[in-house]
Amino acid sequence: MVTDPPREELEGKNRQNKTTSPVEADSTTAEDLFTKALEARSSESKIEGVVTSDRNGLCVGATGIMNFEDAAAHILDVRSKAANLVANKEDVRIEIQTGQRSITLFKKDKFTFGIASKNS
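Residues numbered from 1 in each chain as written. Predicted model: local features only at pLDDT ≥ 70, side-chain atom pairs only at ≥ 80, totals over all residues. Heavy atoms only, no water.

S.K.: Mind showing me how you'd approach the sheet that holds strand β4 (residues 101-108) here?
M.R.: Adjacent strands of a sheet pair through backbone hydrogen bonds, lying either parallel or antiparallel. Here we have 5 strands laid out as an open sheet, ordered β2-β1-β5-β4-β3, and antiparallel in their pairing. Strand pairing shows two members of the sheet lacking a second neighbour, β2 (59-64) and β3 (93-97), which therefore form its edges. Each strand of the sheet is rotated relative to its neighbour by a mean of 10°, with strand direction disregarded. Looking at chain direction, strand β1 (residues 47-53) and β2 are connected through 5 bridges and run antiparallel. (Pairing = 2+ DSSP bridges. Helix = DSSP H or I, 4+ residues; strand = E, 2+ residues; numbered from the N terminus. Axes fitted to C-alpha atoms, helices over the stretch in contact; angles between N-to-C directions.)

S.K.: Explain the pairing of β4 here, please?
M.R.: Consecutive residues of a regular strand have side chains that alternate between opposite faces of the sheet. The pairing of β3 with β4 spans 5 bridges and is antiparallel. Bridge assignment links glutamate 95 to a residue of β4, and that residue is threonine 104. Counting the residues that bridge the hairpin from β3 to β4 gives 3 residues. Linking β4 to strand β5 (residues 111-118), which pair antiparallel, is a turn of 2 residues; within it aspartate 109 sits at a positive phi near 55°.

S.K.: Got a minute to help me understand the nonpolar core in this structure?
M.R.: In terms of nonpolar packing, the biggest core is built from 12 residues, these being Val51, Ala62, Met66, Ala71, Ala72, Ile75, Ala82, Ala83, Val92, Ile94, Leu105 and Ala116. The contact partners of leucine 105, leaving out residues within four places of it in the chain, are Ile75, Val78, Arg79, Val92, Arg93, Ile94, Ile96, Phe113 and Gly114. (Core = buried A, V, L, I, M, F, W, Y, C linked by side-chain atoms within 4.5 Å. Buried < 20%, exposed > 50% of the residue type's maximum accessible area, 1.4 Å probe, protein only. Contact = heavy atoms within 4.5 Å.)

S.K.: Which parts of the structure should I look at to understand the packing of aromatic side chains?
M.R.: Each aromatic ring pair is specified by the distance between its two centres and by the angle formed by the two planes. Overall, the coordinates contain 1 aromatic pair when judged by the stated rule. Ring geometry for phenylalanine 106 against phenylalanine 113: centres 5.3 Å apart, planes inclined by 15°, an arrangement best described as stacked. Using a relative accessible area of 18% as the deciding quantity, one classes phenylalanine 113 as buried. The positively charged end of arginine 93 is found above the aromatic ring belonging to phenylalanine 106, 4.8 Å away from the centroid. (Phe/Tyr/Trp six-rings, centres within 6.5 Å; stacked < 30°, edge-to-face > 60°. Lys NZ or Arg CZ within 6 Å of the ring centre and 35° of its normal.)

S.K.: Hey, could you run me through the pattern of salt bridges in this one?
M.R.: Between side chains of opposite charge, pairing is possible as soon as their charged atoms come close. Taken as a whole and assessed by the stated rule, the structure comprises 2 salt bridges. Note that arginine 101 and glutamate 48 form a salt bridge whose closest N and O atoms lie 2.7 Å from each other. With arginine 101 in strand β4 and glutamate 48 in strand β1, this residue pair connects regions lying 53 residues apart in the sequence. Across the pair lysine 81 and aspartate 77 runs a salt bridge, and its minimum N-O distance is 3.4 Å. With lysine 81 and aspartate 77 both in helix α3 (residues 71-83) and 4 residues apart, the pair spans about one turn of that helix. Taking the relative accessible area as the measure of exposure, lysine 81 reaches 53% and is therefore exposed. With relative accessibility at 38%, the residue aspartate 77 sits in the partly exposed group. (Salt bridge = Lys/Arg side-chain N within 4 Å of Asp/Glu carboxyl O.)

Spelled out as structure tokens, the structure:
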């Protein structure tokens, strides 16, 4: 019977043989760090997913149930439309509640965030 080598052994070989340019290493590292931070934060609580959008509606990062096509553009659009209804447009925070989860939309610095969490 033939067995596959342990995953750690394969990953170690891949790391040793893999070569990347400094540009590839930097962009991959930044993306991986952002995604890892989102996933770590999500696993610590009732959070089921997070999506972050820049001011143009482009996805900066997403994880969990919020990792779907157009999620970033949707959260930016909903938050922007709600901001038009109030005087202080920067502090708008929206909470959408369903039977299963809550989705909170807010802006911090130049980014819009959507966080989906389980209801208690």
